[in-house]
2 protein chains.
Amino acid sequence: MDMPLTITTVMRHAEMYHGEREVVSAVSEQDVRRTSYSGVFRRARKLFNALQALGCQPGDRIATLAWNHQQHLELYYGVICGGYVLHTINPRLFDDQIAYIINHAEDKWIFTEPEFIPTLERLKPQIKHVNGIVVLDTDDDAGASFRNVHVYEHLLAGQDDTCAWPEPGENSACAMCYTSGTTGNPKGVLYSHRSLLLHTLSTAVLDAGGPGANDVIMPLVPMFHVNAWGLPFRAPLVGAGIVFPGRYMGNPQVVGRLITQEKVTYGVSVPTIWQMLLDHLDRSGGNLDTLRKAVVGGAATPLSLFERFRDDYGVELAQGWGMTELCSAGTLNVPGPDFELLDEEQRRQYPLKQGKPIFGLEVKITDDGDNALPWDGVAAGHLKVKGLTVCESYFGATEAESGVDANGWFTTGDVATIDPDGTIQVTDRSKDLIKSGGEWISSIELENCAMTHPAIAEAAVISAAHEKWTERPLLIAVKKPDQTVSREDLLAWFDGKVARWWKPDAVIFVEELPHTATGKVSKLTLREQYGDYLLAQNV
Amino acid sequence: MDMPLTITTVMRHAEMYHGEREVVSAVSEQDVRRTSYSGVFRRARKLFNALQALGCQPGDRIATLAWNHQQHLELYYGVICGGYVLHTINPRLFDDQIAYIINHAEDKWIFTEPEFIPTLERLKPQIKHVNGIVVLDTDDDAGASFRNVHVYEHLLAGQDDTCAWPEPGENSACAMCYTSGTTGNPKGVLYSHRSLLLHTLSTAVLDAGGPGANDVIMPLVPMFHVNAWGLPFRAPLVGAGIVFPGRYMGNPQVVGRLITQEKVTYGVSVPTIWQMLLDHLDRSGGNLDTLRKAVVGGAATPLSLFERFRDDYGVELAQGWGMTELCSAGTLNVPGPDFELLDEEQRRQYPLKQGKPIFGLEVKITDDGDNALPWDGVAAGHLKVKGLTVCESYFGATEAESGVDANGWFTTGDVATIDPDGTIQVTDRSKDLIKSGGEWISSIELENCAMTHPAIAEAAVISAAHEKWTERPLLIAVKKPDQTVSREDLLAWFDGKVARWWKPDAVIFVEELPHTATGKVSKLTLREQYGDYLLAQNV
């Protein structure tokens, strides 16, 4: 039957068959707000009516600067199903970046938390196309001085809770998210209804992390970044409950309490947040008894985290890999039928892989000359992907800027190995790779090794210029509080753990590592600072 | 990215990421043949090359008269991904029906088991467009006298195992299956790549029965009927192993042994086959210890079957509902989060429902005047559906014959109630409904009640003409061997179990009930025979 693949079908499905499933949002450190999918979608209809009353036109970009909560979910559906484009903005970006992407996207309205109003006020002189702002989670204008300022709840209050949703084509744009590259301006990844829906279905498959109607999901990744990895679509499609941490995602006390109190079965986050949670539970004596499944991604995850999850909390943590340009998830690593055949050490190392691609995604690795490399688990190459969920263009960019070659392959910027069964292991970012005498050295593998040292809290390995080998690895490390280790002992730690010629040439201890707006270690900053260290030291 | 939704993507996905997963086929009562998805697809490429060599043109219909086994799976992919249309024929149809659908579909080649050659030879004078036949599972022509007779294995032997698969549009037809209506000629339901792929994804969702890579699936429903409910696509997509019962689907000894020997975790079948299997296991003392999930559908399932599965074999049997016109699955009934809230009796009756629709399928019930009825679990109406997996036309039929109304709703011919959460329970076929004094009586509910009587083996309730009430229910029953019950006592069995005015007006005991070619009780035959019984008896 000729029906379009739209996010509206997810909404209709959830409303008809999972309407009473609960949606819980933390509104303070102690309190939650409860509603259901029916409640969310009823208010999404009011929101759509309000957007029409505000004069929004089909295809208009509507921005959000918001945490993970019910109102943001209402915006997801009210804007996307209303035929507009939901532009989620990362509030942790620098002022100039936020101003740039608001102007570049030509956002018409910005829905914002009260705490981001000072930022927007600062940027007001730079912001061009915005008609006004709508303030979430408050009863007044929170001091905003824009031409038009509305209070979200007041805006909805006057609206009818019925509407006729438009029927956009499945290939029409419905959402966008800017990636903040380490160089140049951020680029706006544009999602179509079709790509988001197929991503939702492909990631609802069991071994792609597919939750079920009996799950209660806590998205511990922000809705302002790659749609919280698709969970705001996946959870309603399968009928799982949702527990939103609100502005408390980084507060392990609140998160830990919510998991137990709301019987969360399924959690998704980045290594740092999981680590903070386990540290808190270790101290407080809490547990994760309700958790059935946990997923980690977004950054390299140390083996110790998987072991703590399994050994101390009885939860299997599964690693995934994805990108903004892939609608989020690219792979997930769950033990398949061959797991039983592995030896003990292989099983221990297993979680460090990123797993097999989701349905609809093809992968390959290539050398610098774009020649395909074998799937032998050894050869490392530039990871390229193509498929149903790969976005083929950036907003307002030319085809040449898309990063997609003539055969449809998108260059991820990651370096990986691929096992014979298609399981990938990301060994580095292409730009972080160390090319020593023409051979590649993985900075991530060296960092993982450094971080297994009991005295090391955080470590980064960068490529430093070298007279003889052109580039050599340089280790920059942060010691744990009250722990000590000498440079020599730390370097000796690598002996027997990595190839002899991979061993870093030197160690620099620092108080803390620089991080990007999205929380990743900024190797660009480190390279600027220490890129000539080996030359200067004459190592 | 603009990539079509084709079954070819399933093949590519399975070959890349689950290539070594095993495909097992029973070749005799004792022996199996083993290969892998890679092996199947390698031979599918040879098959495609062979079909091209035979002169097949894009869109040609290629028919199969075949059991569930590896070669049939090769045909599924070689034909479908080759750009042809796979026409699976039910060998249990009557001669005239088989001849009709071969001619109607204009099949070019027929791939057949040796045992169906006598049938084809009989029909040869009637068959019009067929170029020749290809004999599976044999080394010679098995006595066939068609103009062109090939042996499948010989045909493949000479072919290259590489090929360039065509890239048909996602809306192009790729498979067809005729439904044998009780009146008129069979109608050919045409499947597009897109509808089959979306059905595969929607049924790979956990609560739609979604298996995983660690499952080993046994399809105990024929590949010649509604694509074995989609399992030949679903299993490779998720990377599950397959165990095909070959020609032994109706042999519970072979099936039971295969389940244990091959560690089958996931089985799908109709009530009769499951019942035969449990009867055999009861007698032989076998078990279903490896089975993790079992699905039943295709006919009304007595409560006792669910109880035997749970109590005697520790397996939760889940009921589904579907149709040829829906690519197969429409609903599946698995306990959701509200199951805990039910009382004991509600839980006991729970498996009798057919469950919630899969993603992409909308349902409604209407009265005779096409007015929507409430979802209250009480009102019973004509079940209508629309959605991504509903086929909108029959092969060679006009739009008016499609059964789809102007708003896109397809009339299923079933009568159902819908719970507030969208769970459906089929209470009857529209044409089997008894309209007594304008009120509806469900024949299925009366049959279920009759079959709970310890002396009754099988029962059918038909609508019989009645002077005062126009129609009244008439019970036709088969007693178990060596069991006895009087007409009066059997009627008294309904007291307190159904509404007083639903109680059948009379009972007829027969030696056996008539069945259709697909194994269902032929109520049409019963109505022809006994429709005037009440008038004649003056009951």
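Scope of this entry: the structure provided in the associated data block. It should be emphasised that the depicted structure is a prediction, and the values quoted were computed from it without experimental measurement.

Thresholds applied
Residues numbered from 1 in each chain as written. Chains lettered and ligands numbered in written order. Predicted model: local features only at pLDDT ≥ 70, side-chain atom pairs only at ≥ 80, totals over all residues. Heavy atoms only, no water. Helix = DSSP H or I, 4+ residues; strand = E, 2+ residues; numbered from the N terminus. Rg over C-alpha atoms; globule rule 2.2 N^0.38 Å. Buried < 20%, exposed > 50% of the residue type's maximum accessible area, 1.4 Å probe, protein only. Lys, Arg positive; Asp, Glu negative; His and termini not counted. Charge placed at Lys NZ, Arg CZ, Asp CG, Glu CD. Contact = heavy atoms within 4.5 Å. Buried area = accessible area lost by both parts, 1.4 Å probe. Salt bridge = Lys/Arg side-chain N within 4 Å of Asp/Glu carboxyl O. Polar contact = N/O pair within 3.5 Å; in protein donor to acceptor, adjacent residues only side chain to side chain. Core = buried A, V, L, I, M, F, W, Y, C linked by side-chain atoms within 4.5 Å. Arc of directions from axis to C-beta. Least-squares fit on C-alpha atoms with pLDDT ≥ 70 in both. Pairing = 2+ DSSP bridges. Axes fitted to C-alpha atoms, helices over the stretch in contact; angles between N-to-C directions. 1 Å grid on protein atoms, 1.4 Å probe; cavity = no way out; pocket = protein on both sides within 12 Å on 5 of 7 lines; lining within 4 Å. Points joined across faces, edges and corners; volume = space filled by probe spheres on them. Nonpolar A, V, L, I, M, F, W, Y, C, P; charged D, E, K, R; others polar. Phe/Tyr/Trp six-rings, centres within 6.5 Å; stacked < 30°, edge-to-face > 60°.

### Here we look at the overall build of chain A
And then number 1: Secondary structure summary: chain A contains 17 helices and 25 strands in total.
And then number 2: The C-alpha radius of gyration of chain A comes to 24 Å, within 12% of the 24 Å expected for a compact globule of 539 residues.
And then number 3: Along the longest, intermediate and shortest principal axes, the C-alpha atoms of chain A span 70 × 50 × 50 Å.
And then number 4: When each of the 539 residues of chain A is scored for burial, the buried share is 59%.
And then number 5: Side-chain charges of chain A comprise 47 positive and 69 negative groups, with the mean position of each set lying 1 Å from the other.

### Let's talk about the interface of chain A and chain B
And then number 1: Listed per partner, the contact involves 52 residues of chain A and 52 residues of chain B.
And then number 2: Approximately 4200 Å² of surface area, both sides summed, lies buried where chain A meets chain B, with 62% of it carried by carbon and sulfur atoms.
And then number 3: Considering only the surface of chain A that becomes buried against chain B, A:Met1, A:Tyr17 and A:Phe359 emerge as the three largest contributors, covering 22% of it.
And then number 4: Joining chain A to chain B, the criterion identifies four salt bridges.
And then number 5: Two residues, A:Glu362 and B:Arg12, come together in a salt bridge whose shortest N-O distance is 2.7 Å.
And then number 6: Applying the counting criterion to the chain A and chain B interface returns 16 residue pairs in polar contact (both at pLDDT 80 or more).

### Some details on the nonpolar core
One broad rule of soluble globular proteins: the nonpolar side chains tend to lie buried together.
And then number 1: Counting residues in hydrophobic clusters, the biggest one holds 182 residues, and the most contacted among them are A:Tyr77, A:Phe111, A:Tyr191, B:Leu73, B:Tyr77, B:Phe111 and B:Tyr191.
And then number 2: Setting aside its immediate chain neighbours within four residues, A:Tyr77 contacts A:Ile7, A:Val10, A:Met11, A:Phe41, A:Ala44, A:Gly82, A:Trp165, A:Pro232, A:Phe233 and A:Pro236.

### Describing helix 16 (residues 523-530) of chain A
Residue and element names in this part refer to chain A.
And then number 1: Where helix 16 is concerned, the buried positions are Lys 523, Leu 526 and Tyr 530. Buried residues of helix 16, seen end-on, are gathered within an arc of 55° and therefore sit on one face of the element.
And then number 2: Where helix 16 is buried, its residues meet strand 20 (424-429), helix 14 (443-451), strand 23 (456-466), strand 24 (470-479), strand 25 (506-509) and helix 17 (533-537).

### Points about the relation of the copies chain A and chain B
And then number 1: With an RMSD of 0.2 Å, chain A superimposes on chain B once it is rotated by 180° and translated 0.0 Å along the axis. Such values leave the two copies arranged in the relation of a two-fold axis. For chain A, the smallest separation between a C-alpha atom and the rotation axis is recorded for A:Val205, amounting to 2.6 Å.
And then number 2: A shared interface surface links the copies, since 100% of the contact residues of chain A are contact residues in chain B too.

### What about the sheet that holds strand 11 (residues 241-244) of chain A?
All names here are of chain A.
And then number 1: With mixed pairing, the nine strands of this open sheet are ordered in space as 2-1-11-10-12-13-14-15-16. The outermost strands of the open sheet, each flanked by one partner alone, are strand 2 (32-36) and strand 16 (356-357).
And then number 2: Against the sheet, helix 11 (residues 271-284) contacts strand 10 (216-220), strand 12 (266-269), strand 13 (293-296) and strand 14 (317-323), and its axis sits at roughly 125° relative to strand 12.

### Section: empty space enclosed by the protein
And then number 1: A full pass over the atoms with the stated rule returns three cavities of 30 Å³ or more.
And then number 2: Reported here for the largest cavity is a volume of approximately 70 Å³.
And then number 3: Contributing to the lining of the largest cavity are A:Met3, A:Thr9, A:Arg12, A:His13, A:Met16, A:Tyr17, B:Phe359, B:Gly360, B:Leu361, B:Glu362, B:Gly387 and B:Leu388.
And then number 4: Among the elements of the structure, helix 1 (7-17) of chain A together with strand 17 (361-366) of chain B are those that each provide at least two residues to the lining of the largest cavity.
And then number 5: Sort the elements by how many residues they give to the lining of the largest cavity and helix 1 of chain A lands first, with five residues.
And then number 6: Looking at the lining of the largest cavity residue by residue, the classes come out as six nonpolar, four polar and two charged.
And then number 7: Within this model, the second largest cavity holds a volume of roughly 60 Å³.
And then number 8: Elements with a minimum of two residues in the lining of the second largest cavity: strand 17 (361-366) of chain A together with helix 1 (7-17) of chain B.
And then number 9: At four residues, helix 1 of chain B tops the list of elements feeding residues into the lining of the second largest cavity.
And then number 10: Looking at the lining of the second largest cavity, its residues break down into five nonpolar, three polar and two charged.

### Here we look at the sheet that holds strand 25 of chain A
Residue and element names in this part refer to chain A.
And then number 1: With respect to topology, three strands assemble into an open sheet ordered 23-24-25, the strand pairing being mixed. The open sheet is flanked by strand 23 and strand 25, the only strands paired with a single partner. Averaged over all pairs of adjacent strands, the angle between strand axes in this sheet comes to 30°, irrespective of strand direction.
And then number 2: Examined bridge by bridge, strand 23 and strand 24 share 10 bridges and lie antiparallel to one another. Along strand 24, the bridge assignment pairs Ala 465 with Glu 471.
And then number 3: Strands in contact with helix 14 are strand 23 and strand 24; relative to strand 23, the strand with the most contacts, it is inclined by about 145°.
And then number 4: The sheet contacts of helix 16 involve strand 23, strand 24 and strand 25, and relative to strand 23 the element is tilted by about 55°.

### A short note on the packing of aromatic side chains
And then number 1: All told, the structure shown has 26 aromatic pairs over all chains when counted by the stated rule.
And then number 2: Relative to A:Tyr77, the ring of A:Phe41 lies with its centre 5.0 Å away and its plane at 75°, an arrangement referred to as edge-to-face. In this pair, A:Phe41 sits in helix 2 (residues 37-53) while A:Tyr77 sits in helix 3 (residues 70-80), placing the two residues 36 residues apart along the sequence.
And then number 3: Residue classification places A:Phe41 among the buried residues on the basis of a relative accessible area of 0%.
And then number 4: Under the relative-accessibility criterion, A:Tyr77 is labelled buried at 0%.
And then number 5: Ring centres 5.7 Å apart and planes at 50° place the aromatic pair B:Tyr76 and B:Phe233 in the tilted group. Separated by 157 residues along the polypeptide, B:Tyr76 in helix 3 (residues 70-80) and B:Phe233 in helix 9 (residues 231-238) bring together distant segments of the chain.

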